[in-house]
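Notes for the structure review
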Amino acid sequence: MTTQAMTAGRAPMPGMKVYNLKLGMWIFLLSEVMFFTGLIGSYVILRFAHPEQFAEPGQVLNINLTAFNTFLLICSSVTMVKAYAAIQQGDQQGLKNWLLATIVIGASFVGVQVYEYIALAGEGFVPIAEAYHAVGRHMPHDGPAIGGQLYGSTFYTMTGFHGTHVSIGVLCLCFTYWRAAKGAYTADSLGGVEIMGLYWHFVDLVWIILFTIVYLI
Amino acid sequence: MSTGETHKPPPYMLVWVGLFVLTIMEVFYATLSSIPKIWLAIGLMAMAFLKAYWVAIYYMHLKWEPKRLWLLVSVPIPLIMILIFVVHNEIF
């Protein structure tokens, strides 16, 4: 399959050998790399500078629940790439089925994250300085607080921005599914599915790093 | 993908199994209290970067992209190095 065919006649970026839509997505993703690096860098500075403000892994955050959520996102990546592989073979039904699976799993990830936020807030782990009183998991509510307000602020900022990206991704997946249902994609015109996949895999990739830095270290 | 070259179908399911196994290993490794904190962090980051590399190479199809896109993708790396250097100076 040639680039020309995949993009229904749109010329690739001169010299890049990549069609424009895809090049645009890659440039957008590179800006996202810098965005998340800035967030993670700030977290690392704050954590080293104020270790007393942060808790040990598993003290406050539920690692098992988040590991399950990581598994969900990994599964959604494979369903997304299966959708792409299906339309490469011209399999319209396969494309729709795998896209639907990706939507369901992606929405489940967001749902689990919302559940996690509610549970954490119930335990006093909030991003508001005055209200922060995280006592840790399975501990009495009137116990001493673990960590400090920086922990809550950085945690919700990083995971919140990532969750927003996943939510936007789910909406974009719904749009892609709607277009797929109308037969907009074929083996010769699958650029939309490919760039949707690039975004979705990037979101997965960022979570892999965030999960390690925020939950495990 | 974009260059129109033909290649073997990527091992999507094998990569998925690898990602799953590494995630379990990470969670288990993080609970080992006998390992010094620094080695714990290095090991966990190594596993995380390996997983991220697999996603980029196989799921984002970077393996089959033209070299010029690789160059473009590598642009943030020096910027990240600068950021890490600045962060390092800020901490120590």
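This one's a predicted model, so the numbers in the text were calculated from it and none came from an experiment. (Residues numbered from 1 in each chain as written. Chains lettered and ligands numbered in written order. Predicted model: local features only at pLDDT ≥ 70, side-chain atom pairs only at ≥ 80, totals over all residues.)

A short note on the overall build of chain A
- The helix and strand inventory of chain A stands at 6 helices and 0 strands.
- Counted from the first residue to the last, chain A has its helices and strands arranged as α-α-α-α-α-α.
- The dimensions of chain A, computed from C-alpha atoms along their principal axes, are 65 × 35 × 25 Å.
- When burial is assessed residue by residue, chain A has 38% of its 217 residues classed as buried.
- Residue pairs at least 24 apart in sequence account for 72% of intrachain contacts in chain A once pairs closer than 6 positions are excluded. (Helix = DSSP H or I, 4+ residues; strand = E, 2+ residues; numbered from the N terminus. Buried ≥ 20, exposed ≤ 12 C-beta atoms within 10 Å, placed from the backbone. Contact = placed C-beta atoms within 7 Å.)

Some thoughts on the interface of chain B and chain A
- The partner chain A presents 39 residues to the 35 residues of chain B that form the contact.
- Looking at the side of chain B that touches chain A, the elements that each hand over two or more residues are α1 (12-30), α2 (37-59), α3 (67-73) and α4 (76-91) of chain B.
- Here the residues of the side of chain B that touches chain A are counted per class, giving 27 nonpolar, 4 polar and 4 charged. (Nonpolar A, V, L, I, M, F, W, Y, C, P; charged D, E, K, R; others polar.)

Brief notes about the nonpolar core
- If you look at the biggest cluster of nonpolar residues, it comprises 67 residues, and the most contacted ones within it are A83, I87, L95 and V193 of chain A.
- Counting residues per element, the ones that place at least two in this core are α2 (20-49), α3 (63-88), α4 (92-122), α5 (149-181) and α6 (191-216) of chain A together with α1 and α2 of chain B.
- The element that contributes the greatest number of residues to this core is α6 of chain A, accounting for 17 residues.
- Discounting chain neighbours no more than four positions away, the residues touching L95 of chain A are A83, A86, I87, A180, Y185 and V193 of chain A. (Core = buried A, V, L, I, M, F, W, Y, C linked by C-beta atoms within 7 Å.)

Remarks on the UniProt feature "transmembrane region" (unreviewed entry) in chain A
Residue and element names in this part refer to chain A.
- Summarizing the sequence annotation, UniProt attributes the feature "transmembrane region" (unreviewed entry) to residues 23-46, 66-85, 97-115, 160-178 and 198-216 in the numbering used throughout.
- Taken end to end, residues 66-85 has its terminal C-alpha atoms 29 Å apart, with 100% of it in helix and 0% in strand.
- With 100% helix and 0% strand, residues 97-115 has its two end C-alpha atoms placed 27 Å apart. (UniProt positions renumbered as here; feature names shortened; annotations may be inferred.)

Structural notes on the environment of G169 of chain A
Residue and element names in this part refer to chain A.
- Inspection of the secondary structure puts G169 in helix α5.
- G169 sits 66 residues away from I103 along the chain, and the two C-alpha atoms are 8.8 Å apart.
- Ignoring anything within four residues of it in the chain, the contact list for G169 reads G106, Y199, W200 and V203.

Considering the packing of α1 of chain B against α2 of chain B
Residues and elements named next belong to chain B.
- As a packed pair, α1 and α2 sit with axes 10 Å apart at the nearest point and diverge in direction by 165°. It follows from the interaxial angle that α1 and α2 lie roughly antiparallel. Crossing geometry of α1 relative to α2 is assigned as left-handed. Residues Y12, V15, G18, L19, L22, M25, E26, Y29 and A30 of α1 form the contact with α2, whose own contacting residues are L40, G43, L44, M47, L50, K51, W54, Y58 and Y59.
- Its residues assigned to classes, the contact of α1 with α2 shows 14 nonpolar, 2 polar and 2 charged. (Axes fitted to C-alpha atoms, helices over the stretch in contact; angles between N-to-C directions. Parallel < 35°, antiparallel > 145°, perpendicular 65-115°, else oblique. Left-handed = near helix turned anticlockwise from the far one by under 90°.)

Notes on α5 of chain A
Residue and element names in this part refer to chain A.
- Compared with an ideal rise of 1.5 Å per residue, which puts 33 residues at 48 Å, α5 spans 47 Å between its outermost C-alpha atoms and is within 8% of the ideal.
- Along α5, the residues classified as buried are Y151, G152, T154, F155, T159, H162, V166, G169, V170, L173, T176 and A180.
- Looking at the buried residues of α5, the elements they touch are α2, α4 and α6.
- With its phi angle positive at about 80°, G183 sits one or two positions after the end of α5. (Expected span 1.5 Å × (residues − 1).)

Observations regarding unusual backbone geometry
Residue and element names in this part refer to chain B.
- The residue H61 is not glycine, and still its phi comes out positive at about 60°.
- If you trace the backbone, H61 turns up in the loop between α2 and α3.
- A tally of 21 C-beta atoms within 10 Å means that H61 is categorised as buried.

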